[in-house]
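A structural walkthrough
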Amino acid sequence: MRTPSPDQITRRTSLKRASFAVAGFSLAAHLTPLFAAPEKRRFKIGACEWSLRKADPTCFDVAKQIGLDGVQVNMGNAANGMWLRRPDVQRNYIEAAKRTGLEIASLAMGDLNNVGLKSEPRAAIWLHDSIDVMKALGVNIVLVAQFFKGDLKGDKIGTDRTVDLLKELAPRAENAGVVLGLENYLSAEENLDILDRVKSPAVQVYYDVGNSTDKGYDIYREIRMLKGRICELHAKDGGFMLGQGRIDFAKVREAVDENGFTGWIQIEAAAPKDLVMDYKAHLGLLRKHFD
């Protein structure tokens, strides 16, 4: 069945979504310090570990050179057994963050693209374990990747399975004060349908402006539609340097202000010339619009 347009949403559904948006903000307020604004800034800007071309704690050294506030770290992969579940690996990342004076911004589960949450039992185990990893690292958001083998677009059976799994995990995430952030190729309407079915402020949308632009969605409208339901943002624009491509980041800021989002923005952008210099340029562009 086709997802209803915003104008077709009933008053009852709108009220239900509003109530969960409020609940989401209440949860966000509880999840300090990551949702709290810095001293004079609403936003912190980091980058993804993989975008820094590292798969170990030395990603913080690269982030330090760029001038970022922190790093979104990857939990691992199937080959290393999702190694951030190991206390020794956790200590290495925590020590690297302290040594560089940066923050572990959030956690990501990138290998769910290869081991789909919708179909693989071990992926569900990893997501369950990510809650303990977040607590150990002192973060409160995990990116739940849903691309490639985990893609939900046009997959009703896979979506239903995912909703059932999230319903089981959501109470544990709520009790731990963490958020499971869904990043995928779905539209805002499709993501809202999942969130409304799960009925938990601990399940939100991890919004990537580049991915959604690639799919032809109106990102400025979508960000507004997802009011109170976005836990974190990815900033990229295909192969373009930020500010030189398809996305107007001044308009993104306007939409973000109407959404009410405050927190981490992670750069996952192209670096066609020199990684450090290109990411310094990305950071400068974002700082211009996100104070």
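Structure: see above.
What comes next concerns the included structure.

About the criteria used
- Residues numbered from 1 in each chain as written.
- Predicted model: local features only at pLDDT ≥ 70, side-chain atom pairs only at ≥ 80, totals over all residues.
- Heavy atoms only, no water.
- Helix = DSSP H or I, 4+ residues; strand = E, 2+ residues; numbered from the N terminus.
- Expected span 1.5 Å × (residues − 1).
- Bend = angle between axes of the 7 residues up to and from the residue.
- Buried < 20%, exposed > 50% of the residue type's maximum accessible area, 1.4 Å probe, protein only.
- Contact = heavy atoms within 4.5 Å.
- Core = buried A, V, L, I, M, F, W, Y, C linked by side-chain atoms within 4.5 Å.
- Pairing = 2+ DSSP bridges.
- Axes fitted to C-alpha atoms, helices over the stretch in contact; angles between N-to-C directions.

An ideal rise of 1.5 Å per residue puts 24 Å on 17 residues; helix α4 (residues 121-137) measures up with 25 Å between its terminal C-alpha atoms. A bend of about 25° at Ser 130 is the largest found in α4. Every buried residue of α4 is listed here: Ala 123, Ala 124, Trp 126, Leu 127, Asp 129, Ser 130, Ile 131, Val 133, Met 134 and Leu 137. Those residues of α4 that are buried lie in contact with β2 (70-74), α3 (87-100), β3 (103-109), β4 (141-146), α5 (156-176) and β5 (179-184).

A few words on the nonpolar core. Within soluble globular proteins, side chains that are nonpolar tend to cluster in buried spots. Counting residues in hydrophobic clusters, the biggest one holds 92 residues, and the most contacted among them are Leu 52, Phe 60, Leu 107, Leu 180, Phe 249, Val 252 and Leu 286. In terms of residues, this core owes the most to one element, α4, which gives eight residues.

Right, let's talk about the sheet that holds β3 for a bit. A barrel is described by the order of its strands in space; here eight strands give the closed sequence β1-β2-β3-β4-β5-β6-β7-β8, paired in parallel fashion. Neighbour-to-neighbour, the strand axes of the sheet open up by a mean angle of 30°, direction not taken into account. Pairing between β4 and β5: six bridges, direction parallel. Along β5, the bridge assignment pairs Gln 146 with Asn 184. Packing of helix α6 (residues 188-198) onto the sheet brings it into contact with β5 and β6 (203-208), and relative to β6 it is tilted by some 165°.

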